[in-house]
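Here are the chains, one letter per residue:
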Amino acid sequence: MTTLLDARRLVVKVGSSLLVDEAKGEIRRDWLEALADDVARLHAKGCEIVLVSSGAIRLGRTHLALPGGPLRLEESQAAAATGQIRLAHAYQEALARHGITVAQILLTLDDSEERRRYLNARQTMATLLGLKAVPVINENDTVATDEIRFGDNDRLGARVAEMISADTLVLLSDIDGLYTGDPRIDPTATFIPEIREITPAIEAMGGNAASALSNGGMATKLIAGRIAMAAGCRMAIANGRAVGALGALIDRHARCSWFLPEASPRSARKKWIRGSLKTAGSLTVDDGAVRALSAGKSLLPAGVTAVAGDFRRGDVVDVRDPAGRLLGRGLVAYAAEDARRIAGRKSAEIERLLGFRGRDEIVHRDDLVVE
């Protein structure tokens, strides 16, 4: 049976309608404290956790005393600016009881699609997780306009899971999973506990948002499922309204729908690298590096003898042996100009040569496919 207890890197998406009391426009403190308890329980077992949380605009709207009805763009952005402080502080207080450090990250759609910004966000989150912090992520509504918006945190959660190679994504929602129809209006709708492929028939089951505080309905959750599964990340849709909802899911006391991919995050990532039709350049390596790569190690600058092409950090490059034969492909950690400067040098020299401290590896083993 699928369980959260074996998750190593987990993204939990929290919807506004769960976190914020709809009548008062204030945070449900008992709900948040129970969530923090459950996060701390997983954290203590070594699970790395990222929270993707809505709620800033709703909280800011309350404290700015904005009128009811649809907000203008500038009013939404003002509410987000005010509410995000309150949202982050609430998470900080709740997790501080367990000695857990919270970090705030605000993203736009561009941050997940523009390569350099994607890599910067990915590395920041990976560093925070390595330092045992819990990043709390929300859409950057203070600057986002329609062209650069995710529009809902279901898709944001899936993109974050893809970014950090998470193995599990949980969408805490106001419904306990996927049904053949909308169970609120269709008494014959059947619950679907497990989905291994999002077919057109599955897509047809998407519905609309049930709450005025939520932007996403089942349709956006299915889009999130497609993104997550393509990245090798399993996803659960679960009802998060009750206090202790995540804990009930951990203990298998709560019903949910699991979306189960065929591949793991690592194998899905490497499959994407291997399938890249066009590479941006190449790195030629010495015999010592050939042996190291064959043993599953990363490629260090010291093993690189030649750099070809005009690539950017994060591009796919070929890795070739001294005779020019293709060894594999990988995502390069340095742009071509910087790679040429550090080629053949020790990792300890990188900061002196480039003026900044980058990664020790020019291609990390997790970003490398050896043929």
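In what follows, the accompanying structure is described. (Residues numbered from 1 in each chain as written. Predicted model: local features only at pLDDT ≥ 70, side-chain atom pairs only at ≥ 80, totals over all residues. Heavy atoms only, no water.)

1. Quick notes on the side chain of R122
Okay, so step 1: Position of R122 among the secondary structure elements: in helix α6 (residues 115-130).
Okay, so step 2: D367 provides the closest opposite charge to the buried, unpaired R122, separated from it by 4.0 Å.
Okay, so step 3: Beyond its immediate sequence surroundings of up to four residues, R122 is in contact with M163, S165, R269 and D367. (Helix = DSSP H or I, 4+ residues; strand = E, 2+ residues; numbered from the N terminus. Buried < 20%, exposed > 50% of the residue type's maximum accessible area, 1.4 Å probe, protein only. Lys, Arg positive; Asp, Glu negative; His and termini not counted. Salt bridge = Lys/Arg side-chain N within 4 Å of Asp/Glu carboxyl O. Contact = heavy atoms within 4.5 Å.)

2. What to know about the pairing of strand β14 (residues 326-331)
Okay, so step 1: For β14, a buried count of five out of six residues is recorded, marking the element as mostly surrounded by other parts of the structure.
Okay, so step 2: Sheet analysis places strand β13 (residues 316-320) next to β14, joined by five bridges and oriented antiparallel. In the sheet register, V319 faces β14, and the bridge partner there is G328.
Okay, so step 3: The turn linking β13 back onto β14 is made up of five residues, and G324 within it adopts a positive phi angle of 90 degrees.
Okay, so step 4: Pairing between β14 and strand β15 (residues 368-370): three bridges, direction antiparallel. Paired with G328 across the strands is V370, a residue of β15. (Pairing = 2+ DSSP bridges.)

3. Topic: the packing of helix α7 (residues 153-163) against helix α9 (residues 218-230)
How two helices sit against one another is set out by the angle between their axes and by the gap between those axes.
Okay, so step 1: Contact geometry of α7 with α9 gives a least axis separation of 8 Å together with a crossing angle of 5 degrees. Classed by the angle they form, the pair α7 and α9 counts as roughly parallel. On the side of α7, the interface is formed by D154, R155, A158, R159 and E162, while α9 contributes T220, K221, I223, A224, I227 and A228.
Okay, so step 2: In terms of residue class, the contact of α7 with α9 is built from five nonpolar, one polar and five charged. (Axes fitted to C-alpha atoms, helices over the stretch in contact; angles between N-to-C directions. Parallel < 35°, antiparallel > 145°, perpendicular 65-115°, else oblique. Nonpolar A, V, L, I, M, F, W, Y, C, P; charged D, E, K, R; others polar.)

4. Observations concerning the sheet that holds strand β11 (residues 281-285)
Okay, so step 1: The strand order β12-β11-β13-β14-β15 describes an open sheet built from five strands, whose pairing is mixed. Each having just a single partner strand, β12 (304-309) and β15 make up the two edges of the open sheet. Looking at each pair of strands side by side, their axes are set apart by 20 degrees on average, direction ignored.
Okay, so step 2: Packed onto the sheet, helix α12 (residues 287-294) meets β11, β13, β14 and β15 and runs at close to 105 degrees relative to β11.

5. Things to note about α9
Okay, so step 1: Here α9 contains 13 residues, and its C-alpha end-to-end distance of 18 Å stays within 8% of the 18 Å for a straight helix at 1.5 Å per residue.
Okay, so step 2: Of all the positions in α9, only M218, T220, K221, L222, A224, G225, I227, A228 and M229 are classed as buried.
Okay, so step 3: Once α9 finishes, G232 follows within two positions and takes phi at roughly 80 degrees, a positive value. (Expected span 1.5 Å × (residues − 1).)

6. Some remarks on the pattern of salt bridges
It is possible for side chains bearing opposite charge to pair when their charged atoms get close.
Okay, so step 1: Enumeration over the complete set of coordinates arrives at 27 salt bridges.
Okay, so step 2: Here K13 makes a salt bridge to D154, at a shortest N to O gap of 3.0 Å. In this pair, K13 is assigned in strand β1 (residues 9-14) and D154 in helix α7, connecting sequence segments 141 residues apart. For the pair K13 and D154, one class covers both residues: buried.
Okay, so step 3: The network of salt bridges with common partners includes R269, R359, E361 and D367.

That's the geometry; what it means functionally is another story.
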